[in-house]
Amino acid sequence: MSAWTGHGVPVAVVDYGAGNIVSITGALATVGADVRLAARPAALVGAVMIVVPGVGASRPAMRHLHRVGLDTAIREAVSDGVTLLGVCLGMQLLFERSEEDGAEGLGFLRGNVEPVPEAPLLPHIGWNRLRLATETTHPLMAGIVDGTAAYFLHSYAAVPADPGMVLATTQHGGTFASAVAQGRLLGVQFHPERSGPDGLRVLGNAVGFAAAAARD
Amino acid sequence: MLLRRVIPCLDVADGRVVKGTKFVDLQDQGDPAELAARYAAEGADEIVFLDITAAPERRGTLLEVVRRTATRSFVPLTVGGGVRSEAEMKGVLRAGADKVAVNTSAVLEPSLIKRCARRFGRQCVVVAIDAKRWPGHRGRWEVLVRGGRDRTGLDVVLWAQRAAQMGAGEILLTSIDADGTNRGFDLELLRTVSRAVEIPVVASGGAGGPADFDSAVVDGGADAVLAAGIFHRREYSIGDVKAAMAAAGLPVRIVPSPA
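What counts, and where the lines are drawn
- Residues numbered from 1 in each chain as written.
- Chains lettered and ligands numbered in written order.
- Predicted model: local features only at pLDDT ≥ 70, side-chain atom pairs only at ≥ 80, totals over all residues.
- Helix = DSSP H or I, 4+ residues; strand = E, 2+ residues; numbered from the N terminus.
- Buried ≥ 20, exposed ≤ 12 C-beta atoms within 10 Å, placed from the backbone.
- Contact = placed C-beta atoms within 7 Å.
- Rg over C-alpha atoms; globule rule 2.2 N^0.38 Å.
- Arc of directions from axis to C-beta.
- Pairing = 2+ DSSP bridges.
- Axes fitted to C-alpha atoms, helices over the stretch in contact; angles between N-to-C directions.
- Parallel < 35°, antiparallel > 145°, perpendicular 65-115°, else oblique.
- Left-handed = near helix turned anticlockwise from the far one by under 90°.
- Nonpolar A, V, L, I, M, F, W, Y, C, P; charged D, E, K, R; others polar.
- Core = buried A, V, L, I, M, F, W, Y, C linked by C-beta atoms within 7 Å.
- Expected span 1.5 Å × (residues − 1).
- pLDDT = per-residue confidence, 0-100.

Peer 1: Would you mind going over the overall build of chain B with me for this structure?
Peer 2: When helices and strands are tallied, chain B shows 10 helices and 11 strands. For chain B, the spread of C-alpha atoms along the principal axes amounts to about 50 × 40 × 35 Å. Expressed as a percentage of its 259 residues, the buried residues of chain B come to 52%. Restricting to contacts in chain B with at least 6 residues of sequence separation, those with at least 24 account for 66%.

Structure follows, in structure tokens:
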């Protein structure tokens, strides 16, 4: 665990101990975050945003978080008003339950995780368009125009119980929620760290949102 | 609907870009991470590094290049060349690659595809196939390995189907006949393979101009189009190619050029 450098907005990236987190940490640093990897609860202290990146399947991810106590630490941070950004699998973990392997998620948002409906081919891999919800003025999507392309890599997607939290949808056969927000909980099903300049903008928006929320 | 991808390919040896063209000296743009960043800014939908480092003990250099690239080029990165085992694939993925391409090693040991797909997910496993028209076998192509040096007696279509069945997430299909000619892709090869498999096929070898990208998709059925020389020589930018594809009605991601 590295210390905060004091330069930029303190953001903790949850390290599951598996997979590629090089790109998400690099992308966050590019948009002004002071990034720290969090493999243990103590590393979350001082963060104004916690990022749960997208790696692997729900059950092993939740099991890992639970084993090291990060699930409880994330809950406490969220109840203290820290912003939480879930990316891909990380967004799915914000919800109650995944059909993928029956795993319970963190349960911050109401709804479950199901296979992308009517998909011609899964996994859904590649660049696809974000369709903004008509009334979206949420700061997470500031500067993102309707039809912007983002990079996806997943087979499952969250089905929010309350459609009011959906900021953007994407169509691959059927339509699924590709960005959500409720209070200080943010989720994107795409990979902003792999979505070029527009992805960096979304990450920058999240960092700005978290910093502003921390000042309230 | 998935957008069609345009992918620049960089040949890397000992951590430097080594060719991409026979005509222009690229020494002044020899850093792969830098060139990748330029292409990403121009709108590349993915970057492919093909490592042609001869000596495996110098692989550390490649991993360092992957790491540097992944922290500054925020588009998917595919790395291929000489990966022979799950452990090597893991190393490349952990360094920041999103996909790993296997070629000769998969032909010699097809179970590598299955093992890697099971362990890392099939989206990480690209099977690269070098195809050459097969003399005496009309409308068929033979798989070549070891950088096109060795024949295998394998039929390209059958091998592509087998690779897909073993867990390949994508086929990177290079026509040896068309490669370097700038006369366009081998559309018959593309059409034949893309009809034979359900997974995405990336067209490679022969791009000479924007119209070739359009035909690779429309006439060849390719999901993505890869090129090296025309981008390295700056004959066309990624943006030029995408503008032409968009004008032809293809769904592509347009990145506004930086002011």
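Peer 1: Looking at this model, I keep getting lost on the overall build of chain A. Mind explaining?
Peer 2: The secondary structure content of chain A amounts to five helices and 13 strands. Here the C-alpha radius of gyration of chain A, 16 Å, is about what a compact globule of 216 residues would show, namely 17 Å. When its C-alpha atoms are laid out on the principal axes, chain A stretches across 45 × 35 × 30 Å. Scored against the burial criterion, the 216 residues of chain A give a buried share of 53%. Intrachain contacts of chain A at a sequence separation of at least 6 include 71% that bridge at least 24 residues.

Peer 1: How should I be thinking about helix H6 (residues 156-166) of chain B in this particular structure?
Peer 2: Note: α-helices contain 3.6 residues per turn, so residues at a spacing of three or four share the same orientation. Residues and elements named next belong to chain B. All of the buried residues in H6 are Val156, Val157, Trp159, Ala160, Ala163 and Ala164. Viewed along the axis of H6, the buried residues span an arc of 165°, placing them on a single side of the element. Looking one or two places after H6, you find glycine 167, whose phi comes out positive at around 120°.

Peer 1: Any chance you could explain the sheet that holds strand E6 (residues 111-115) of chain A here in plain terms?
Peer 2: Strands belonging to one sheet form pairs held by backbone hydrogen bonds; the direction of such a pair is parallel or antiparallel. Residue and element names in this part refer to chain A. Strand order in the open sheet made by the three strands is E5-E6-E10, with mixed pairing throughout. With partners counted over all chains shown, the strands left at the sheet margins are strand E5 (97-98) and strand E10 (156-160), one partner each. As judged from the five bridges shared by E6 and E10, these two strands associate in the antiparallel manner. Bridge pairing links asparagine 112 to valine 159 in E10.

Peer 1: I'm lost on the packing of helix H1 (residues 32-42) of chain B against helix H2 (residues 59-70) of chain B in this one. Help?
Peer 2: Geometry of a packed helix pair, given as the angle between the helix axes and the separation of the axes. Residue and element names in this part refer to chain B. Two numbers describe how H1 lies on H2: the axes approach to 9 Å, and their chain directions differ by 30°. Between H1 and H2, the angle falls in the class roughly parallel. Our pair here, H1 against H2, has a crossing hand that is right-handed. Of the residues in H2, those touching H1 at Pro32, Ala33 and Ala36 are Val65, Arg68 and Thr69. Among the residues making up the contact of H1 with H2, the classes are represented as four nonpolar, one polar and one charged.

Peer 1: Would you mind going over the pairing of strand E6 (residues 125-133) of chain B with me for this structure?
Peer 2: Regular strands place side chains that alternate from one sheet face to the opposite one. All names here are of chain B. With seven of nine residues buried, E6 is to be regarded as a mostly interior element. Bridge analysis of E6 against strand E9 (residues 170-175) gives six bridges, and the strand direction is parallel. Bridge pairing in E9 links valine 126 to glutamate 170.

Peer 1: Quick question: what am I supposed to make of the sheet that holds strand E11 (residues 166-172) of chain A here?
Peer 2: Residue and element names in this part refer to chain A. Spatial ordering of the open sheet is given by E2-E1-E3-E4-E13-E12-E11-E8, a layout of eight strands whose pairing is mixed. Strands at the two margins of the open sheet, each flanked by one partner only, are strand E2 (33-38) and strand E8 (131-132). Bridge analysis of strand E12 (residues 174-182) against strand E13 (residues 185-188) gives four bridges, and the strand direction is antiparallel. Residue glutamine 182 lies in a different strand from E13, and its bridge partner there is leucine 185.

Peer 1: What's the story with the interface of chain A and chain B in this structure? I'm lost.
Peer 2: Interfaces are frequently sized by the accessible area removed from exposure as the parts join. The interface of chain A with chain B comprises 22 residues on the first partner and 23 residues on the second. The class makeup of the residues in the side of chain A that touches chain B is 11 nonpolar, nine polar and two charged.

Peer 1: How do you make sense of the nonpolar core when you look at a structure like this?
Peer 2: The tendency in soluble globular proteins is for nonpolar side chains to be buried side by side. With 161 residues, the main nonpolar core has B:Val100, B:Ile171 and B:Val225 as its most contacted residues. Among residues more than four places away in sequence, those in contact with B:Val225 are B:Val6, B:Ile7, B:Ala203, B:Ala207, B:Phe213, B:Ala216 and B:Val217.

Peer 1: Explanation requested: helix H5 (residues 196-215) of chain A in the structure shown.
Peer 2: The terminal C-alpha atoms of H5(A), which comprises 20 residues, lie 29 Å apart, in line with the 28 Å expected from a rise of 1.5 Å per residue. Within the span of H5(A), buried status applies to A:Gly196, A:Asp198, A:Gly199, A:Val202, A:Leu203, A:Gly204, A:Asn205, A:Ala206, A:Val207, A:Phe209 and A:Ala210.

Peer 1: Looking at this model, I keep getting lost on the environment of A:Gly111. Mind explaining?
Peer 2: All names here are of chain A. With respect to the helices and strands, the residue glycine 111 is situated in strand E6. Counting along the chain gives 50 residues from glycine 111 to alanine 161, while the straight-line C-alpha distance between them is 4.6 Å. Not counting residues within four places of it along the chain, the set of residues in contact with glycine 111 comprises Phe95, Glu96, Ala158, Val159, Pro160 and Ala161.

Peer 1: What should I look at first to understand the packing of helix H3 (residues 86-94) of chain B against helix H5 (residues 111-120) of chain B in this one?
Peer 2: Residues and elements named next belong to chain B. Across the interface, H3 lies against H5 with an axial gap of 10 Å and an inter-helix angle of 40°. Comparing the axis directions of H3 and H5 gives the class oblique. The hand of the H3/H5 crossing is right-handed. Contacts between H3 and H5 involve Glu86, Met89 and Leu93 on the former and, on the latter, Arg115, Cys116, Arg119 and Phe120.

Peer 1: I tried to follow the confidence of the model for chain B on my own but got confused; where do I start?
Peer 2: Detailed reading of the predicted coordinates is not advisable wherever pLDDT falls low. Residue and element names in this part refer to chain B. On average, residues of chain B score 91 in pLDDT, and 93% of them are at 70 or above. Predicted confidence for residues 20-28 stays below pLDDT 50, and this span has 14 contacts to residues more than four positions away or in other chains. For this predicted complex, the interface score ipTM comes out at 0.87, while the overall pTM is 0.91.

Peer 1: Help me understand the pairing of E2(A), please; the structure alone is not making it clear to me.
Peer 2: Residues and elements named next belong to chain A. Most of E2 is tucked away, with five of its six residues classed as buried. Where strand E1 (residues 9-14) meets E2, six bridges bridge the pair, whose relative direction is parallel. Opposite proline 10, over in E2, you have aspartate 34 as the bridge partner.

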